[in-house]
Amino acid sequence: MERASCDVLIIGGGGAALYAAIHCHDANPRLDIMLACKGLVGKSGCTRMVQGGYNVVLHPEDSFDQHYDDTLRGGSLINDQELAWTLVTEAPKRIFELENRYGCFFDRNADGTIHQRPLAGQSFNRTIHRGDLTGIELISRLTEQAFARRLRVVNDLRGVDLLLDQGGRRVAGAILFDYHSGALVRVQAKAVLLATGGAAPLYRITAASIEKTGDGLAMAWRAGAELIDMEMMQFHPTGLIAGGGAITGTVLEEGLRGAGGHLLNAAGERFMERYDPARMERSTRDRVSRSEFMELRAGRGTSEGGVFLDVRHLGKDFLLRSSPGMYRRCLSVGYDMATDPVMVTPTAHFQMGGIRIDRDCRSSLLGLFAAGEDAGGVHGANRLGGNGVAESMVFGARAGDAIAAYLKDAGGATPDRDRAENSAARFTAAKGRAAPGRAYELRAEIGDLAWQNLGLIRSAAGLDQAAGRLAEIEAALAETPVPASAARDPAFAERLNVENLIAVARLIRAAAHERDESRGSHFREDRPETDAGAYYNLVQRRDPSGTTSIQRQAVAFTRRRPEDLAGDTVIAKAAPRPALHATEI
Amino acid sequence: MTARDHVTLEIARADGRRSRHVVPVAGAHMRVLDLLLHVRNHADATLGFRYACRVGMCGVCAVRVNGTEGLACQVAVGDLGVDTVTVEPLAGLPVQHDLMVDLAPVLNDLAAIGAALEGGDAAGAESLRTLPPSAGERPAIERQNGCITCGACTSAAHRGGGAAGPGPAALNRALMLALDERDAKGRKRLANLPAMTLSDAALKSLDAVCPVGIPLAAAVRRLQGLRAGAGG
Ligand SMILES: Cc1cc2nc3c(=O)[nH]c(=O)nc-3n(C[C@H](O)[C@H](O)[C@H](O)COP(=O)(O)OP(=O)(O)OC[C@H]3O[C@@H](n4cnc5c(N)ncnc54)[C@H](O)[C@@H]3O)c2cc1C
Ligand code: FES
């Protein structure tokens, strides 16, 4: 095994990882920071794909309290109230920094004030953006700032396992796998940040960047860190269907429903009448997605497993003005939105659950930090559009600051050798009865299983069935070979992916089983009601013997009580937004 | 153009071979990426290529399709109108594995010219400035914005006879920063910038290959003009 060392090891290459790296360096430029990314830093992950924008209180008539209440309502009140408050109150600081110090630029109104658009579930138009390519702006500027600081950036180097000290409660680095050399690298580090972006691509149909396979979550779980609310997974209701193409699952923006788009089943009925007649298509993401799934299950979908988003009545002019990017994307797969209903499906979008952290991104293991989509608790049972990327920026920055502060007095720990060898044993060459390419099939199989049993509609029976299927998939995976040289072997990389997806699927399954109610994105058809009096989080942890426990912990109402937040939110009625970077007055 | 239900895919491989595969085309809108995935999932599990976002935003899937740079996730097979589709890695960049290239030279070019805003006096401001979209150089900056550092322009410049100096993406970013009133260095950046030598024809080809439609030739010309104006 190759060896390396650094002060701070950041695992990930999206917004949270980059922000942490920049802040950590600026807090103490002498720290030796290493950024290890499974793909290319700044070019993989979902931060880059952000379309809608970033929620931030800037307008004098808006307030932190309003943004906060929206966030808790959206989360069905099981958010960690301190994390959510931190999100809301620090979102502006990061925007000022991003624009004034790092060089981003966000769209303005004609009078030069910042443009803020409506997104679902918000009581005020507070989402800033740059056209519908906000993510590119954020990640490009963060990447160049990181490069300007000459940090150690290594691409195609993925986190595999955390190193622990002998006591098993303190993180001492990580084992990484180099795609190009096929070698394991044992990196000793005083602090490790996990920012690998969650596991939405567990599901057969997903909007997220495809290389995200729950690696950080699985690493944290194997090391014994606490995970919270793993059952909470968000599906977006308008994922594009494009034949069997890889573009299937990518998101058509919510604004199309906000502007009055209709959803139709294969028989042409506006099926939302059956599920939410008051709000119809402007109902919340989780409800609309679930309604679509119910239509599909009832056999009222298309043969390709979709329903239709119909925006023809909005007119070509409006569509071109308000959603030029979406218009082009649909056209490129054969739908002219002005004349054709577009076939859509729910699509796995964002994982609310994750590693349990405090305000300083500390996990339950000393020396281990988490930020962005890998962390849980901020969004509760559901995330508002525009709060995800804000989370990555806010908590990425906090992680960087907190790690620098932690290292003022913390030294390094010595990794436990046995544990490291144990982890390396998985890489020992082994013949398999299956072909290497079987890993791709198993990825598809676990995707189907998650879609059917761990997705939009769950039940005790379906979850029990999933347990058996996961064991079968695991057994089949064990039959795929481990090559003597794993250099540049994408099939072996997929094997590692599936291994982690199985671990994450099990955590989701167990939590979905334990939460015998329906709340936010979690729906149990055998328990369709929300348990009105019980607000709890589910905390999972693996103990050294290998058993994973699950515990209900009451939500701490430190800032709001449920009675303060009666009511529900709907998607905002969108006005046509100005043309991109409009120069007219 | 008639819809084809199969095409022959020819892929330039790391060992210098060209592998050939007959691949079904589910519809005219199928992308080159879909063909590559088909080969990897059904024919050759070791095929190396990159993709992440699938929607033209990350730029990691850039390759040459029938000789021309493009994003594998965006180029539709039906638009090519041919029976044989050749896929090769970008030119002028080190090939790592089949279609995977090392983009470090593109990114290093950016780092080498110091392509990152250096905040001036207002860097620590706790507010956003009022700035009409039409003010000053803003429209010009916005026109050049949106680079996804995919390497397509580097590849095209290389094919156009190679180029000394920083690549088109770096020059484009240098221009944006030189025009940006927030940048502490501003136009002073131009003085130390090595020139890029490219024929007019090669310059034009950059605009044709940029998958996000940035007017790169105009950027290079404006930069040259500014440098001349600044007397260096
Ligand atoms: C299509 C789409 C649109 C969205 N639009 C919005 C929006 O408008 N507003 C909003 O607020 N949110 C939006 N989101 C959500 C938002 O993108 C996420 O909340 C946010 O980007 C997560 O940032 P992150 O840094 O945690 O992870 P990511 O940006 O996803 O980055 C994860 C990184 O980890 C790397 N990685 C993965 N595994 C490993 C490993 N084993 N070792 C090393 N590195 C690894 C990946 O390669 C990647 O670089 C959207 C999401 C999608 C999918
Ligand atoms: S996969 Fe991201 S641009 Fe093609």
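Residues numbered from 1 in each chain as written. Chains lettered and ligands numbered in written order. Predicted model: local features only at pLDDT ≥ 70, side-chain atom pairs only at ≥ 80, totals over all residues. Heavy atoms only, no water.

Overview of unusual backbone geometry
Okay, so step 1: Here the phi dihedral of R488 of chain A falls at roughly 45°; this positive angle occurs in a residue that is not glycine.
Okay, so step 2: Tracing the sequence through the fold places R488 of chain A in the loop between helix 14 (460–478) and helix 15 (490–514).
Okay, so step 3: In this structure, T149 of chain B takes a positive phi of about 40° despite not being glycine.
Okay, so step 4: Structurally, the position occupied by T149 of chain B is in the loop between helix 4 (138–144) and helix 5 (152–159).
Okay, so step 5: With relative accessibility at 13%, the residue T149 of chain B sits in the buried group. (Helix = DSSP H or I, 4+ residues; strand = E, 2+ residues; numbered from the N terminus. Buried < 20%, exposed > 50% of the residue type's maximum accessible area, 1.4 Å probe, protein only.)

Section: the layout of surface pockets
Okay, so step 1: As a volume, the second largest pocket reaches approximately 960 Å³.
Okay, so step 2: Every element with two or more residues in the lining of the second largest pocket is listed here: helix 10 (324–332) of chain A together with strand 4 (68–71), helix 4 and helix 8 (200–209) of chain B.
Okay, so step 3: In terms of residue count, helix 10 of chain A provides more of the lining of the second largest pocket than any other element does, seven residues in total.
Okay, so step 4: Its residues assigned to classes, the lining of the second largest pocket comprises 18 nonpolar, twelve polar and eight charged. (1 Å grid on protein atoms, 1.4 Å probe; cavity = no way out; pocket = protein on both sides within 12 Å on 5 of 7 lines; lining within 4 Å. Points joined across faces, edges and corners; volume = space filled by probe spheres on them. Nonpolar A, V, L, I, M, F, W, Y, C, P; charged D, E, K, R; others polar.)

A closer look at the pairing of strand 6 (residues 157–164) of chain A
Side chains on a regular strand alternate between the two faces of the sheet.
Residues and elements named next belong to chain A.
Okay, so step 1: Here strand 6 lies mainly inside the structure; eight of its eight residues are buried.
Okay, so step 2: Pairing of strand 6 with strand 7 (residues 171–178) involves seven bridges; the strand directions are antiparallel. Paired with L162 across the strands is A174, a residue of strand 7.
Okay, so step 3: What sits between the antiparallel neighbours strand 6 and strand 7 is a turn of six residues, in which G168 has the positive phi angle 80°. (Pairing = 2+ DSSP bridges.)

Quick word on the interface of chain B and chain A
Okay, so step 1: Contact residues are listed per partner, giving 57 residues for chain B and 67 residues for chain A.
Okay, so step 2: Between chain B and chain A, a total of about 4900 Å² is buried, with carbon and sulfur atoms accounting for 56% of that surface.
Okay, so step 3: Three residues stand out in chain B for area buried against chain A, namely R54, M57 and L128 of chain B, and they jointly supply 17% of the buried area on that side.
Okay, so step 4: In this structure, the connection of chain B to chain A is made through three salt bridges.
Okay, so step 5: In this structure, the salt-bridge partner of R130 of chain A is E142 of chain B, at a minimum N-O distance of 3.1 Å.
Okay, so step 6: Between the two partners, chain B and chain A, sit 27 residue pairs in polar contact (both at pLDDT 80 or more).
Okay, so step 7: Those elements that place two or more of their residues in the side of chain B that touches chain A are helix 1 (32–42), strand 6 (95–97), helix 3 (104–112), helix 4 and helix 6 (168–179) of chain B. (Contact = heavy atoms within 4.5 Å. Buried area = accessible area lost by both parts, 1.4 Å probe. Salt bridge = Lys/Arg side-chain N within 4 Å of Asp/Glu carboxyl O. Polar contact = N/O pair within 3.5 Å; in protein donor to acceptor, adjacent residues only side chain to side chain.)

Considerations on the pairing of strand 3 (residues 62–65) of chain B
All names here are of chain B.
Okay, so step 1: Side chains A62 and R64 project from strand 3 onto one buried face, and the interleaved V63 and V65 project onto a second face that is buried too.
Okay, so step 2: The antiparallel hairpin formed by strand 3 and strand 4 contains two residues in its connecting segment, where N66 sits at a positive phi of about 45°.
Okay, so step 3: Across two bridges, the pairing between strand 3 and strand 5 (residues 84–88) is antiparallel. Within strand 5, the position partnered with V65 by the bridge is V87.

What about the nonpolar core?
All names here are of chain A.
Okay, so step 1: Counting residues in each nonpolar core, the largest one holds 233 residues, and the members touching the most others are L9, Y54, L98, L176 and Y203.
Okay, so step 2: Considering every element that reaches this core, the biggest residue donor is helix 11 (residues 387–409), with twelve residues.
Okay, so step 3: L176 has contacts with L9, I11, M34, A36, L157, R158, G159, V160, A183, L184, V185 and V187, leaving out every residue within four places of it along the chain. (Core = buried A, V, L, I, M, F, W, Y, C linked by side-chain atoms within 4.5 Å.)

With respect to the confidence of the model for chain B
Okay, so step 1: Per-residue confidence for chain B averages 92 on the pLDDT scale, and 97% of its residues sit at or above 70.
Okay, so step 2: With a pTM of 0.96, the predicted complex shows an ipTM of 0.96. (pLDDT = per-residue confidence, 0-100.)

Re the packing of aromatic side chains
Residue and element names in this part refer to chain A.
Okay, so step 1: Enumeration over the complete set of coordinates arrives at 13 aromatic pairs over all chains.
Okay, so step 2: Plain terms: the ring middles of F177 and F492 are 5.7 Å apart, the flat faces sit at 70° to each other, and that makes the pair edge-to-face. Here F177, found in strand 7, pairs with F492, found in helix 15; they are 315 residues apart in sequence, far enough to count as distant. The two residues F177 and F492 agree in class, both being buried. (Phe/Tyr/Trp six-rings, centres within 6.5 Å; stacked < 30°, edge-to-face > 60°.)

Overview of the environment of G136 of chain B
Okay, so step 1: Summarising the element assignment, G136 of chain B is placed in the loop between helix 3 and helix 4.
Okay, so step 2: Between the alpha carbons of G136 of chain B and D180 of chain B there is a distance of 9.4 Å; along the sequence they are 44 residues apart.

Considerations on the site of ligand 1
Residues and elements named next belong to chain A.
Okay, so step 1: By nearness alone, 40 residues border ligand 1, and S44, C46, T47, V389 and S392 come closest of all.
Okay, so step 2: Interatomic distance of 3.4 Å between a backbone N/O atom of G14 and an oxygen atom of ligand 1.
Okay, so step 3: Contacts to ligand 1 include G53, whose backbone N or O atom sits 2.8 Å from a nitrogen atom.
Okay, so step 4: In isolation ligand 1 exposes 1000 Å². Once the protein is present, 98% of that is buried.
Okay, so step 5: Elements supplying a minimum of two residues to the shell around ligand 1: helix 1 (15–27), strand 6, strand 13 (342–351) and helix 11.
Okay, so step 6: The leading source of residues in the shell around ligand 1 is helix 11, at four residues. (Near = heavy atom within 4 Å. Areas by Shrake-Rupley, 256 points an atom, 1.4 Å probe, with all protein chains shown as cover.)

Topic: empty space enclosed by the protein
Residue and element names in this part refer to chain B.
Okay, so step 1: In this structure the tally under the stated criterion is seven cavities of 30 Å³ or more.
Okay, so step 2: Its volume calculated, the second largest cavity comes out at about 110 Å³.
Okay, so step 3: Residue assignment for the lining of the second largest cavity shows that the elements contributing at least two residues are strand 3 and strand 7 (100–101).

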